[in-house]
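Each chain, letter by letter, is given below.
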Amino acid sequence: MRSKSGPLDYYRRTSIRITFVALLVFLYAPILALMAFSFNDSKRNIVWHGFTLKYYQQAMANAELMLAFGNSLTIAFFSTVFSVVLGALAAYLLWRFRFPGKVAYEGMVALPIVIPEICMGVAMMMFLARIGWPQDMPWPLNLSAITIAHIAFSFPFVAVVVRARLEGFNRELAESARDLGAGETRVFWDIIVPHMRPGIIAGALLAFTLSLDDFIITFFTSGPNSVTFP
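Note that this is a predicted model, so its numbers are computed, not measured. (Residues numbered from 1 in each chain as written. Predicted model: local features only at pLDDT ≥ 70, side-chain atom pairs only at ≥ 80, totals over all residues. Heavy atoms only, no water.)

1. Quick notes on the overall build of the chain
A count of helical and extended segments in the chain gives nine helices and zero strands. Secondary structure elements in the chain, listed N-terminal to C-terminal, are α-α-α-α-α-α-α-α-α. Taking 2.2 N^0.38 as the reference for a compact globule, 230 residues should give roughly 17 Å; the C-alpha atoms of the chain span a radius of gyration of 24 Å, well beyond that estimate. Of all 230 residues assigned to the chain, the portion counted as buried reaches 30%. At a minimum sequence separation of 6, the contacts of the chain that also span at least 24 residues come to 72%. Surface summary for the chain: the accessible area is close to 15600 Å², and the carbon and sulfur share equals 70%. (Helix = DSSP H or I, 4+ residues; strand = E, 2+ residues; numbered from the N terminus. Rg over C-alpha atoms; globule rule 2.2 N^0.38 Å. Buried < 20%, exposed > 50% of the residue type's maximum accessible area, 1.4 Å probe, protein only. Contact = heavy atoms within 4.5 Å. Areas by Shrake-Rupley, 256 points an atom, 1.4 Å probe, with all protein chains shown as cover.)

2. Topic: the side chain of Asn40
Mapping Asn40 onto the fold places it in the loop between helix 1 (7-37) and helix 2 (54-61). Taking relative accessible area as the criterion, Asn40 reaches 0% and is therefore assigned buried. Within the local environment of Asn40, its side chain forms a polar contact with the backbone nitrogen of His49, the two atoms lying 2.9 Å apart. (Polar contact = N/O pair within 3.5 Å; in protein donor to acceptor, adjacent residues only side chain to side chain.)

3. Notes on the pattern of salt bridges
According to the stated counting rule, one finds six salt bridges in the structure shown. The shortest N-O distance in the salt bridge between Arg163 and Glu167 comes to 3.7 Å. Accessibility expressed as a relative area gives 19% for Arg163, which makes it buried. When the shortest N-O distance is used, the salt bridge between Asp190 and Arg186 registers 2.2 Å. Of the two residues, Asp190 and Arg186 both sit in helix 8 (residues 184-213), four residues apart, roughly one turn of that helix. (Salt bridge = Lys/Arg side-chain N within 4 Å of Asp/Glu carboxyl O.)

4. Brief notes about the packing of helix 5 (residues 117-130) against helix 6 (residues 144-166)
The interhelical angle for the contact between helix 5 and helix 6, taken along N-to-C directions, is 135°, at an axis separation of 11 Å. When the axis of helix 5 is compared with that of helix 6, the two are oblique. Read as a crossing pair, helix 5 and helix 6 show a hand that is right-handed. Across the interface between the two elements, Glu117, Met120, Met124 and Leu128 of helix 5 pack against Ala145, Ile148, Ala149, Ala152 and Phe153 of helix 6. When its residues are assigned to classes, the contact of helix 5 with helix 6 shows eight nonpolar, no polar and one charged. (Axes fitted to C-alpha atoms, helices over the stretch in contact; angles between N-to-C directions. Parallel < 35°, antiparallel > 145°, perpendicular 65-115°, else oblique. Left-handed = near helix turned anticlockwise from the far one by under 90°. Nonpolar A, V, L, I, M, F, W, Y, C, P; charged D, E, K, R; others polar.)

So this is what it looks like as structure tokens:
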């Protein structure tokens, strides 16, 4: 028999829904307001004077601004691709295997997350200068220094997200596949990777956002011919 929900359960569900809606409003209302007032025909965005697209037209007509935006998107794309690959493999390595120095390796992977960005930026600048990384390469190779720095900064976040996803994996599924004759490669691609997919997607979105948002590391590793949007 189904138990009837009492007034207490009803108020609990209602309070949860109200809290959830209030949280969404608190997080996204300022962003939506900013998006709406970007079409405002007024230099003072606090007063609505009418709808216009002239500011977007001026931005798209600015060649330097669009070049910087294109550079930022290019860096974010390549940084996301390599960060997802490295982060997913690092997460799988830490989850699947036991080896000497695993704790130290895990700490090194998480190090870019906890150290200040300015330390990361200075360290990457000194490293690239020490190895003599060329700065006068043609596009998009002139963005490679920033891309490498963004990969070093972003892939630990992907590793954390993917490994958290792997912690909920039922290892009996992989064992059953091996009992049926599947090799390690087949188990990885057909069973483990589909389970990792939500974490990989979340990690990719996080890496892309971190790359577009970063200014400090980009400032220290950018060359004279690599102008970015941030």
